[in-house]
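Given next are the chains, with one letter for each unit.
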Amino acid sequence: MKLAIIGTGYVGLGVGVCFADLGHKVTCVDVDKAKVTKLKKGIPTIYEEDLPEMLKKNLANGRINFTTSLSQGIKEAAVIFIAVGTPQDQNGKADLRYVLQVAHDLGKNLKNYKVIVDKSTVPIGTGKMVKQTIAKNYKGEFDVVSNPEFQREGTAISDFLNPDRIVLGFEKPNSHAVKIMKELYAPFKKPLVITNLESAEMIKYAANSFLAIKITFINEIANICDNYEADVKMVAKGIGLDSRIGDKFLEPGPGYGGSCFPKDVSALYYFARAGGYWFNLLETVMQINKHQREIIVAKIKNMVDGKLQGKKIAVLGLAFKPNTDDVRESPAIDIIQILLSRKAKIKAYDPIAKDNTHKILGKKITYSGNPYLCAKGNDVLLIATDWPEFKNLNWKKIKKLLKAPNIVDARNILEPAEMKEMGFKYVGIGR
Ligand code: UDX
Ligand code: UDX
């Protein structure tokens, strides 16, 4: 099938490359000229597992190409995916300006029947708005579909190729779009959830908010465990084996971050309110998640006898989670900002997220080329992101390099007993 993807960010690029790899002919459209130039040369613009190889392979066999021209990009496509960002606006709501701009441009450029698929995460009712926006300038036939993504950064390719389910929301149950979308997703052999536009839009927000609540719940359980002799890891195992609960997304930490959970929880809260419902649970979840950063700061403060001013803190990990260079809403950055506001000095290391951090923090902190240089001469070492390689560092060497052997492990990647045996003063979360 011929497909067009509008927006080649974390989601759009992964979707485009995967569809090309499955044998479709894909044109990716993006307004960012520099991005398109790089991608045309096979240079990935984001860090994502398997992406570089798949991009090169499908450029070489001509199944994927990139353009800044929307009219050219959509000309031959049967299906057009909208995958531009829907960030949080100043009031916490979803900012639909990019999606609606694309809808406007599509209206000006459509010449024949197309299926327009919304992949971006958008509040209930956006599919209908997209329809109306296109229809202002294009009087021919077209269908709008909602097909939310469930791709985690870092594993976006495998999440796309091996989904738990595929959600498709249609305006009408028997439209031409139903046939085309079923055909497109048939090779995946995964459960299809076929529903109306509004339910599909809600599924995405309900899924991400539920996961955010699950993380928040285990964070609170961990905070309680901290006051008693209970180990949250065992608690998570004990509840996770109950199939009604499930063992995933029960890792306590500094609170969820990233480009999706914070904005999606907030957007759902606000569109619930706009529709007349006060989603108290989500309001509380947002407060608890913010406070979780402070709980980590308090652990660091305790390590240095209650005074952060002038203390030197080494921070391992800047990305919002491992295997990505994305620092949007990263807990590590939030914690660093709090520490800086209390006059602590920060040295940080991340395998790949340094450049993106520099765009936010600039020279307010110093950056190290490896974890050992980062540790050297500091009062406390904070593990802020659970990069797997941090687990296997030479911790005896790090102990010698630190000014004081203090570790706050905000991701519980190390074993408390082992660290204590090595002579560290160690605290995790809920252990
Ligand atoms: C996506 C989804 O769209 C969002 O709704 C979802 O919840 C998370 O993932 P993401 O891929 O992270 O967003 O966005 P981003 O990395 O910011 O990429 C968006 C791309 O769209 C950029 O490359 C930008 O240049 C492009 N763009 C934006 C357009 O091509 N046209 C526009 O009008 C606006
Ligand atoms: C999320 C959704 O999971 C995915 O389906 C899609 O909608 C995009 O948004 P992503 O934000 O890439 O994916 O990462 P995810 O793995 O979901 O983690 C989000 C945040 O929660 C990270 O900060 C992570 O560290 C945190 N987290 C996750 C925990 O603190 N504990 C956990 O057990 C799991």
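Because the structure is a prediction, the values reported are computed rather than measured.

Novice: Now, about the site of ligand 1: what can you tell me, with residues and values included?
Specialist: Taken together, 20 residues form the shell around ligand 1, and within it Asp30, Lys35, Val84, Thr86 and Lys263 come nearest. Within the contact set of ligand 1, an oxygen atom lies 2.6 Å away from a side-chain nitrogen or oxygen of lysine 35. Considered on its own, ligand 1 offers 700 Å² of accessible surface; in the complex 86% of this is hidden by protein. In this structure, the shell around ligand 1 is formed jointly by two domains, domain 1 (2-190) and domain 2 (207-427), each of which donates at least three residues.

Novice: Kindly report on the domain arrangement of the protein chain, identifying the contributing residues and their values.
Specialist: Think of interface size as the accessible area that goes away when the parts come together; that is how it is often given. Under the domain assignment used here, the protein chain contains domain 1 (2-190) and domain 2 (207-427). Spacing between the C-alpha centres of domain 1 and domain 2 amounts to 33 Å. Every contact between the two is made by 19 residues of domain 1 and, on the other side, 20 residues of domain 2. By the criterion of area lost to domain 2, the three top residues of domain 1 are Tyr10, Tyr47 and Glu153, representing 38% of everything that side buries.

Novice: If you had to explain the packing of helix α9 (residues 197-225) against helix α11 (residues 261-274) to someone new, which residues and values would you point to?
Specialist: It is the contact of α9 with α11, at a shortest axis distance of 9 Å, that shows an interaxial angle of 115°. α11 is crossed by α9, and the crossing has left-handed handedness. Contacts from Met202, Lys204, Tyr205, Asn208, Ser209, Leu211, Ala212 and Ile215 in α9 reach Phe261, Asp264, Val265, Ala267, Leu268 and Phe271 in α11. Class assignment of the residues belonging to the contact of α9 with α11 gives a composition of 10 nonpolar, 2 polar and 2 charged.

So, how was this worked out
- Residues numbered from 1 in each chain as written.
- Chains lettered and ligands numbered in written order.
- Predicted model: local features only at pLDDT ≥ 70, side-chain atom pairs only at ≥ 80, totals over all residues.
- Heavy atoms only, no water.
- Near = heavy atom within 4 Å.
- Polar contact = N/O pair within 3.5 Å; in protein donor to acceptor, adjacent residues only side chain to side chain.
- Areas by Shrake-Rupley, 256 points an atom, 1.4 Å probe, with all protein chains shown as cover.
- Domains from an automatic or database assignment.
- Contact = heavy atoms within 4.5 Å.
- Buried area = accessible area lost by both parts, 1.4 Å probe.
- Axes fitted to C-alpha atoms, helices over the stretch in contact; angles between N-to-C directions.
- Helix = DSSP H or I, 4+ residues; strand = E, 2+ residues; numbered from the N terminus.
- Left-handed = near helix turned anticlockwise from the far one by under 90°.
- Nonpolar A, V, L, I, M, F, W, Y, C, P; charged D, E, K, R; others polar.

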